[in-house]
Amino acid sequence: MNGRDGKMARTKSYGSVADWVAAEYTVSTSKIKNLSVETLAFTGMIVSSVHPRSPASHLGIQVDDILYEINGGIFDEEDLDKTFIPRLLGRAHKFSFFRPSSREIFKVKGAQFPYALRLKNSLQSFIAILRNGDPDPSEVATFWEAGDRQALADLWIPFETYLMRLRDLNGNPFDGPLPQTVAPKSPLPSSEDIWPGFFGWLALCAAEAGQMERAAYVQSQVDAHFEQSGDSGMMNAFAAMEDTRALLAEARFNPNMAITYIERGIEMAPDVKELYRRLSALTNTDVTPPPSSFLDMQPSYDLPRVDPAGRFKQESGRVSLSEQVATLSQGQFILLVLMSSYRTNGPYVEGFNRALIPLLRLKAFQEVHIVTAWDSGRSRDLPLPVMEPALQKGGIKVSLLHDVEDRLAQALDITSAPTNLIIDHRGVVIAEGWLGEDNVLWDALNA
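Rules used in this analysis
- Residues numbered from 1 in each chain as written.
- Predicted model: local features only at pLDDT ≥ 70, side-chain atom pairs only at ≥ 80, totals over all residues.
- Heavy atoms only, no water.
- Pairing = 2+ DSSP bridges.
- Helix = DSSP H or I, 4+ residues; strand = E, 2+ residues; numbered from the N terminus.
- Axes fitted to C-alpha atoms, helices over the stretch in contact; angles between N-to-C directions.
- Phe/Tyr/Trp six-rings, centres within 6.5 Å; stacked < 30°, edge-to-face > 60°.
- Buried < 20%, exposed > 50% of the residue type's maximum accessible area, 1.4 Å probe, protein only.
- Expected span 1.5 Å × (residues − 1).
- Core = buried A, V, L, I, M, F, W, Y, C linked by side-chain atoms within 4.5 Å.
- Contact = heavy atoms within 4.5 Å.
- Parallel < 35°, antiparallel > 145°, perpendicular 65-115°, else oblique.
- Left-handed = near helix turned anticlockwise from the far one by under 90°.
- Nonpolar A, V, L, I, M, F, W, Y, C, P; charged D, E, K, R; others polar.
- Salt bridge = Lys/Arg side-chain N within 4 Å of Asp/Glu carboxyl O.

1. Things to note about the sheet that holds strand β1 (residues 25-31)
Within a sheet, each strand pairs with its neighbour through backbone hydrogen bonds, oriented either parallel or antiparallel.
Logical step 1: Taken together, the six strands give an open sheet; going across it, the order is β1-β5-β4-β3-β2-β6, and neighbouring strands pair in antiparallel fashion. Looking at the sheet topology across the chains shown, the edges are occupied by β1 and β6 (117-120). The sheet shows a mean angle of 30° between the axes of neighbouring strands, taken without regard to direction.
Logical step 2: Strand direction decides the pairing type here: strand β4 (residues 93-99) and strand β5 (residues 104-110), joined by seven bridges, are antiparallel. The residue of β5 that forms the bridge with Phe 97 is Phe 106.

Written out as structure tokens, the structure is:
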């Protein structure tokens, strides 16, 4: 099990979030006439979503705004990552946003990046990265999840160009006009570093471009790879492969099979709204995402503090959720992380690092319970503790709990690890989801 979890919780008020924003951010606006939207989108990043009850929303940042400068200059992902670490003692990061609809400039100053907004590269800038740079294929997910099918079609040839660089040009930039056609069985590079996920997105882009033979061939190679290697990938990438199969089924005039594939994709990535839109179109009905099955649940467990890897120092004894909940006051939470047979998880750690700063600054979480059934015979060899020391350093108490038979995960019917549940002072789950998306965190903090 691997990947991300889905639904978000309800919210009621702003409270401390507004106070925090007022205390730590300043905003100035101005009109400007000589900025090119195309140029800024090419060098910057576009805001794809803003949580309605987050610092970013309070600051007035909106979807389609363009972040074009950080600390006075053009930025890259590394520069952006640095702004998640707060500057202390009055020092501030500076963020410049441009709003195309009103041609306004927003200058935001604050100790850290304004949570919770999502950014994506523009189509033009991502094509340039594919042609000349070192792309992250998961970026394609932002276009897919937004339902921008035309962008996926436009990415097919740039993807193929990138493959030519790897396969034929030893990674050197492609010089000359882009090719317009590709043989359906044009070979794929053998590099293991780019297999997981990458070629699944290539198949989807080819299908959206109407290149069904190419899409079918690439998808067959992807399936063979995962079957032989046992590799895993992000669940939304596997769900996108089901979308590709649905497109191929439609091209073969088999709508019933296409529906089956989309339904399988929804099971893998229940938070991707585009899959529900696709299912609605295929069935000619209005299909909407169901509420999370975890919300309003009252979990119960009493588990020992044990690290099967023997590398995380913690006090001995057992942890009873009911006893821990009894110590909470309103506005305090316990974060329950269900790892099942995993000991750690790469995508989870990335999201956890993003969530760590506001967790610490708002002092909302009393304790984090990480529950694992990991042992050397049941999981990959991923024993290194990653999240726990970082949390402890930040002053949050962490208990690593060992559920040898994975009974809690089975009782709660989790389908993806990690699953994050935020539990309030009543012992009720009020939010569930991947912390890296920010939304689940701000839903809980505002509840």
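2. Quick notes on the packing of aromatic side chains
Logical step 1: The tally for this structure, following the rule as stated, stands at seven aromatic pairs.
Logical step 2: Here Phe 126 and Phe 143 contribute two aromatic rings whose centre-to-centre distance is 6.3 Å and whose plane-to-plane angle is 40°, an arrangement assigned as tilted. One end of the pair, Phe 126, is in helix α5 (residues 123-132); the other, Phe 143, is in helix α6 (residues 140-145), and 17 residues separate them in sequence.
Logical step 3: For Phe 126, a relative accessible area of 0% translates into the label buried.
Logical step 4: Phe 143 gets classed as buried once you look at its relative accessible area, which sits at 2%.
Logical step 5: Plain terms: the ring middles of Phe 159 and Phe 198 are 5.1 Å apart, the flat faces sit at 90° to each other, and that makes the pair edge-to-face. Remark: Phe 198 occurs in helix α8 (residues 198-208) and Phe 159 occurs in helix α7 (residues 149-168); sequence separation between them is 39 residues. Take Phe 159 and Phe 198: they sit in the same class, and that class is buried.

3. Topic: helix α10 (residues 235-251)
Logical step 1: Helix length check: α10, at 17 residues, gives a terminal C-alpha distance of 25 Å against a target of 24 Å (1.5 Å per residue), a fit within 8%.
Logical step 2: Burial within α10 is extensive, with 15 of its 17 residues counted as buried.

4. A short note on the nonpolar core
Side chains that are nonpolar tend, in soluble globular proteins, to be buried together.
Logical step 1: The biggest cluster of nonpolar side chains holds 52 residues, and the ones touching the most others in it are Trp 144, Leu 155, Phe 159 and Trp 201.
Logical step 2: Secondary structure elements with two or more residues in this core: α5, α6, α7, α8, α9 (212-229), α10, α11 (255-268) and α12 (273-283).
Logical step 3: Residue contributions to this core peak at 10 residues, all from α10.
Logical step 4: Ignoring any residue separated from it by four or fewer positions in sequence, one finds Leu 155 in contact with Leu 123, Phe 126, Ile 127, Leu 130, Val 140, Phe 143 and Cys 205.
Logical step 5: Grouped together as the second largest cluster of nonpolar side chains are 44 residues, Phe 312, Leu 335, Val 337 and Ala 444 included.

5. Quick word on the packing of α7 against α8
Logical step 1: Contact pair α7 / α8: the axes reach a minimum separation of 7 Å and the direction vectors enclose 125°. Here α7 lies oblique to α8, going by the angle between them. At the point where α7 passes α8, the crossing takes the left-handed sense. Counting all contacts with α7, which are made through Arg 149, Leu 152, Ala 153, Leu 155, Trp 156, Phe 159, Glu 160, Tyr 162 and Leu 163, the residues of α8 involved are Phe 198, Phe 199, Trp 201, Leu 202, Leu 204, Cys 205, Ala 206 and Glu 208.
Logical step 2: When its residues are assigned to classes, the contact of α7 with α8 shows 14 nonpolar, no polar and three charged.

6. So, the pattern of salt bridges
Logical step 1: This model, assessed by the stated rule, comprises 17 salt bridges.
Logical step 2: The partner of Asp 243 in a salt bridge is Arg 149, with the nearest N and O atoms 2.9 Å apart. Of this pair, Asp 243 sits in helix α10 while Arg 149 sits in helix α7, and the two are 94 residues apart along the sequence. Taken individually, Asp 243 and Arg 149 each receive the classification buried, so the pair is uniform in this respect.
Logical step 3: Arg 426 is paired through a salt bridge with Asp 424; the nearest N and O atoms lie 2.7 Å apart.
Logical step 4: The class for Arg 426 is partly exposed, based on a relative accessible area of 49%.

7. Some remarks on the packing of α8 against α9
Logical step 1: Contact pair α8 / α9: the axes reach a minimum separation of 8 Å and the direction vectors enclose 165°. In this view, α8 runs roughly antiparallel relative to α9, as classed from their interaxial angle. Crossing handedness for the pair α8 and α9: left-handed. Counting all contacts with α8, which are made through Phe 199, Gly 200, Leu 202, Ala 203, Ala 206 and Ala 207, the residues of α9 involved are Met 212, Arg 214, Ala 215, Val 218, Gln 219 and Val 222.
Logical step 2: Of the residues in the contact of α8 with α9, the class split is nine nonpolar, two polar and one charged.

8. Observations regarding unusual backbone geometry
Logical step 1: The phi dihedral of Asp 64 is positive, around 80°, even though this residue is not glycine.
Logical step 2: Summarising the element assignment, Asp 64 is placed in the loop between α3 (55-58) and β3 (66-70).
Logical step 3: Phi is positive for Asp 413, which is not a glycine, with a value near 60°.
Logical step 4: Structurally, Asp 413 can be placed in the loop between α16 (407-412) and β12 (419-423).
Logical step 5: Take Asp 413: its relative accessible area is 58%, and that puts it in the exposed class.

These figures capture arrangement, not role.
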